[in-house]
Amino acid sequence: MSKPALTLYLAAPRGFCAGVDRAIKIVEMALEKWGAPVYVRHEIVHNKFVVDGLRDKGAVFVEELDQCPPDRPVIFSAHGVPKSVPAAAEAREMVYVDATCPLVSKVHIEAQRHADNGLQMVMIGHAGHPETVGTMGQLPEGEVLLVETVEDVATLAVRDPEQLAYVTQTTLSVDDTADIVAALQTRFPAIVGPHKEDICYATTNRQESVKAIAPKCDAMLVVGAPNSSNSKRLVEVGARAGCDYAQLVQRAGDIDWRALEGIRSLGITAGASAPEVLVNEVIDAFRDRYDVTVEIVETAKENVEFKVPRVLRMAPA
């Protein structure tokens, strides 16, 4: 029996960004340099497949620093950590490597600079997300106020409306964030923003590519993890941009085939911490059931690369 035809629109860019690439490389190079086990505080990136692969190589993932023995190296995740974490590692004389994405570090530096200038910080982000916790932890308790929605802006109690600045989580929805920034600027006209927006290039590019394919698609799948902020935003962006059925899947085994019955066009993208091997796995699953024609829709080219920390590039003493 012949397979039904399916046009598959493959978003580009998709998948790994430079910060994720660098963070994974840091764990692999640390294992090469110091041997197993190397400890990692929190998931290095939000992807089970990636974390399991590094665990198989000898990485041990823990939630807090006190779960690490002082005589083994520890790596801090790509999402960043509060200042108290490296301070505690130094107090215990631990060897540590900070895998914080340089674009997240940029936000940390901004927050500190504004605080040094006497400004109270407002952070646009998601409560409890490791990146938000890390950024808010750059400054003393109470110096950073969190807003998640436009509604939060209306109830914000600030110390001095003339002495405010804002930063954002790097993985937010570009459109939602623009609405929150507009609300902040309306209520606090003197608020100071970042020189260049904090939402990172990879988040922006992946959302733009989803907007380009969503109107063409009967359904869209985002390959990514349920705890990945940028992946969840891609699902929301796809639905908002005109695709009636947009879903997050971790792997091909998660595809809800019954929900996809009768589709003729499908969009596929991947969050910034999802490896291409999982995208190919999903495409192969559709090839098994459909006569697939793949169309790549490229909206930007990416050539960003971040260096790994110097301690990993130096020869062992």
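The coordinates are above.
Each chain carries its own residue numbering, running from 1 in the direction its sequence is written. Predicted model: local features are reported for residues with pLDDT of at least 70 only, side-chain atom pairs are reported and counted for 80 or more only, and whole-chain, interface and lining totals are derived from all residues. Excluding hydrogens and water, the side-chain values take into account all heavy atoms of the structure.

Draft legend 1. Expanded view of the sheet that holds strand β4 (residues 74–76). At least two DSSP bridges between two strands are required for those strands to pair. Counting from the N terminus, the helices are the DSSP runs of H or I reaching at least four residues and the strands are the DSSP runs of E reaching at least two. Strand order across the open sheet formed by four strands is β3-β2-β4-β5, with parallel pairing between neighbours. Of all the strands in the sheet, just β3 (59–62) and β5 (96–98) have a single pairing partner and so form its edges. Taking the axes of each pair of neighbouring strands and ignoring which way they run, one obtains an average angle of 25° across the sheet. Direction of pairing for strand β2 (residues 38–41) relative to β3: parallel, over a ladder of four bridges. Bridge pairing links V38 to A59 in β3. Working rule for contacts: check all heavy atoms of both residues, and any pair within 4.5 Å makes them a contact. To define axes, lines are fitted to C-alpha atoms, for helices over the stretch in contact only, and angles between the resulting N-to-C directions are given on a 0 to 180 degree scale. Where helix α1 (residues 18–34) meets the sheet, its contacts fall on β2, β3, β4 and β5, and the angle it forms with β5 comes to roughly 160°.

Draft legend 2. Spatial organisation of the pairing of strand β10 (residues 245–249). Where strand β9 (residues 219–223) and β10 come together, five bridges link them in parallel fashion. Residue pairing for β10: A219 is matched across the bridge by Y245. At this point the chain moves from β9, through helix α9 (residues 229–240), to the parallel β10, and the crossover so formed is right-handed. Look down the strands so they point away from you; if the path from the first strand over the helix to the second goes clockwise, the crossover is right-handed.

Draft legend 3. Quick peek at the packing of α1 against helix α2 (residues 48–57). Contact pair α1 / α2: the axes reach a minimum separation of 10 Å and the direction vectors enclose 5°. Regarding the angle of α1 to α2, the classification is roughly parallel. Residues I24, V27, E28 and L31 of α1 form the contact with α2, whose own contacting residues are V50, L54 and K57. The labels follow the angle: roughly parallel below 35 degrees, roughly antiparallel above 145, roughly perpendicular from 65 to 115, and oblique for the rest.

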